[in-house]
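Residues per chain are reported as follows:
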Amino acid sequence: MNLKFVDAKGYRAQVKSLFVTAFPREERPPLWMMRRRCAQGTAKFSAVVDGDTFVGLTYVVGTDKVKTLMFLAIDDSVRDKGYGSKVLDHVRKQYPDVKLFLNIEPLDDDAPNYEQRCRRKAFYEHNGLNCLDYQVREAGVTYEMMTYGEYVTKDEYEKVMTVMYGRYLYKLIKRM
């Protein structure tokens, strides 16, 4: 396994396809917005490759002190081969002096994807992430927050989301 994290632009078709299939519409900001944050220097959108094989994508955005791994997806064709753990490890090492968090859907017995949620949470816990003591709600979707042990305050969280969406749009998203 020889992973490389390269600019997502070089794998535009694969990244877009995976992004659209891996994340529900209500959880996906527009790609143009994500690219704009990259151009502004507040985000990094990467395609993950192993040799010539497209493995997945990551999208990290935030401040100098706190960032979110907003998106991590591994292509179905290479899933369950250890790539997810390697990608997480790489992202963590890339930002050693930064509080790093991510959001997942909370466990809900009535959710149609309950088993998937359980597997996802177990995967992140296995890789050293722990849940914070509060949840957040954006655009009508509730999320559990997970970190590598560093406590991310609600204020820090909101600053990161403001970096991503801008002040006005984030206010709108919070109210939905």
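Residues numbered from 1 in each chain as written. Predicted model: local features only at pLDDT ≥ 70, side-chain atom pairs only at ≥ 80, totals over all residues. Heavy atoms only, no water.

All right, on to the packing of helix H5 (residues 154-165) against helix H6 (residues 167-175) then. It is at 7 Å that the axes of H5 and H6 come closest, and there the two elements cross at 115°. The handedness of the crossing between H5 and H6 comes out as right-handed. Contacts between H5 and H6 pair Tyr157, Glu158, Met161, Thr162 and Tyr165 from the former with Arg167, Leu169, Tyr170, Ile173 and Lys174 from the latter. A breakdown of the residues in the contact of H5 with H6 according to their chemical character gives six nonpolar, one polar and three charged. (Axes fitted to C-alpha atoms, helices over the stretch in contact; angles between N-to-C directions. Helix = DSSP H or I, 4+ residues; strand = E, 2+ residues; numbered from the N terminus. Left-handed = near helix turned anticlockwise from the far one by under 90°. Contact = heavy atoms within 4.5 Å. Nonpolar A, V, L, I, M, F, W, Y, C, P; charged D, E, K, R; others polar.)

Counting across every chain of the model gives nine aromatic pairs. On the numbers, 5.7 Å between centres and 50° between planes, the contact of phenylalanine 19 with phenylalanine 23 is tilted. You can call phenylalanine 19 buried: its relative accessible area is 2%. Every member of this aromatic cluster is reached through a ring pair, and the members are Phe19, Phe23, Phe45, Tyr59 and Phe71. (Phe/Tyr/Trp six-rings, centres within 6.5 Å; stacked < 30°, edge-to-face > 60°. Buried < 20%, exposed > 50% of the residue type's maximum accessible area, 1.4 Å probe, protein only.)

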